[in-house]
Amino acid sequence: AQTIHQWPVAEIKAVGSPLSLGCTIKGKSSPNLYWYWQATGGTLQQLFYSITVGQVESVVQLNLSASRPKDDQFILSTEKLLLSHSGFYLCAWSLPGTGGPSQNTLYFGAGTRLSVL
Amino acid sequence: GDSVTQTEGLVTLTEGLPVMLNCTYQTAYSTFLFWYVQHLNEAPKLLLKSSTDNKRTEHQGFHATLHKSSSSFHLQKSSAQLSDSALYYCALRASSGSWQLIFGSGTQLTVMP
């Protein structure tokens, strides 16, 4: 069975500090990977997606970057946090190959809650 | 541009009553619509999806029919259960490509005994 693990569960960070959020998927080779962000009271907004190791496509940057250093790992990061980065970050995966989330179910992780003070 | 509108942010109803959560959309592309559900402290999960006009899609007691004429994909259930309490998201395939979903703002459904 496939599992998706996000870390950390929650973070409280200062404005201007760096950030790294991670996501690991086990039990599925070469999944398509996604980062979503939800501001408090807002909708889920897709940030990035990755079809293969080393390749990441940006949908909305928000002064964040993403990397896929391994087949099963997706990292979201920034060197300088802004107040506007606060919110809930969700990693997700779908079956490998073409089609994306419009043709294949998205499986979400439990998320990371980020508070920037 | 693409958009998804969920007019109710919060719906509270009594167990046993019917559920209807509204979803309307705007898109310039072929229509793929989804409902995702997120229970408290859990990850969002796919509940329903459809791309066929006027065809009813059902899963776990919920159903929805895509109506392209009215740009709607409302979620319904005949009788609410306490376990249906959750956050429900309607989502749309983006015109920019199949790799992006546009989510609505979500509807928090609370079912009371």
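Look a little higher up for the structure.
Residues numbered from 1 in each chain as written. Chains lettered and ligands numbered in written order. Predicted model: local features only at pLDDT ≥ 70, side-chain atom pairs only at ≥ 80, totals over all residues. Heavy atoms only, no water.

Enquirer: What's the story with the layout of surface pockets in this structure? I'm lost.
Expert: The probe, sized like a water molecule, is rolled over the atoms to show the empty space still left. In this structure, the largest pocket spans a volume of roughly 540 Å³. Along the wall of the largest pocket there are 24 residues; nearest its centre are Gln38, Phe88 and Arg113 of chain A together with Gln38 and Asn41 of chain B. Going through the elements one at a time, β1 (3-7) and β11 (112-116) of chain A together with β10 (86-93) of chain B are the ones with two or more residues in the lining of the largest pocket. Broken down by element, the residue count for the lining of the largest pocket peaks at three residues, all from β10 of chain B. (1 Å grid on protein atoms, 1.4 Å probe; cavity = no way out; pocket = protein on both sides within 12 Å on 5 of 7 lines; lining within 4 Å. Points joined across faces, edges and corners; volume = space filled by probe spheres on them. Helix = DSSP H or I, 4+ residues; strand = E, 2+ residues; numbered from the N terminus.)

Enquirer: Where do I start with the interface of chain B and chain A in this structure?
Expert: One frequent convention defines the size of an interface as the accessible area lost when the parts assemble. Counting residues at the interface gives 18 residues for chain B, matched by 25 residues for chain A. Of the roughly 1700 Å² buried at the junction of chain B and chain A (both faces included), carbon and sulfur atoms supply 60%. Of all residues in chain B, the largest losses of buried area upon contact with chain A belong to Pro44, Trp99 and Phe103 of chain B, amounting jointly to 40% of the total for that side. Counting every contact that joins chain B to chain A gives zero salt bridges. Across the chain B-chain A interface, the total number found is six residue pairs in polar contact (both at pLDDT 80 or more). Grouping the constituent residues of the side of chain B that touches chain A by class yields 11 nonpolar, five polar and two charged. (Contact = heavy atoms within 4.5 Å. Buried area = accessible area lost by both parts, 1.4 Å probe. Salt bridge = Lys/Arg side-chain N within 4 Å of Asp/Glu carboxyl O. Polar contact = N/O pair within 3.5 Å; in protein donor to acceptor, adjacent residues only side chain to side chain. Nonpolar A, V, L, I, M, F, W, Y, C, P; charged D, E, K, R; others polar.)

Enquirer: What is the right way to read the state of the cysteines from this model?
Expert: A covalent bond between the sulfur atoms of two cysteines is what we call a disulfide. Residues and elements named next belong to chain A. A complete count under the given rule lists two disulfides over all chains for this structure. One disulfide in the model links Cys23 with Cys91; its S-S distance is 2.0 Å. One quick way to see it: the torsion about the S-S bond of Cys23 and Cys91 is about -75°, and its sign makes the bridge left-handed. Placement of Cys23 in strand β3 (residues 19-26) and of Cys91 in strand β9 (residues 87-94) is noted, with a sequence separation of 68 residues between them. When its relative accessible area of 0% is taken as the criterion, Cys23 is described as buried. (Disulfide = S-S within 2.5 Å. Buried < 20%, exposed > 50% of the residue type's maximum accessible area, 1.4 Å probe, protein only.)

Enquirer: I would appreciate a short explanation of the sheet that holds strand β7 (residues 65-70) of chain A in the present structure.
Expert: Sheet strands associate in pairs through backbone hydrogen bonding, adopting either a parallel or an antiparallel arrangement. Residues and elements named next belong to chain A. Ordered by their spatial adjacency, four strands build an open sheet running β1-β3-β8-β7, and the pairing between neighbours is antiparallel. At either margin of the open sheet sits one strand with a lone partner, and together these are β1 and β7. Adjacent strand axes in the sheet meet at a mean angle of 20°, parallel and antiparallel pairs treated alike. Pairing of β1 with β3, which is carried by five bridges, proceeds in the antiparallel orientation. For Gln6, the partnering residue across the bridge sits in β3 and is Cys23. (Pairing = 2+ DSSP bridges. Axes fitted to C-alpha atoms, helices over the stretch in contact; angles between N-to-C directions.)

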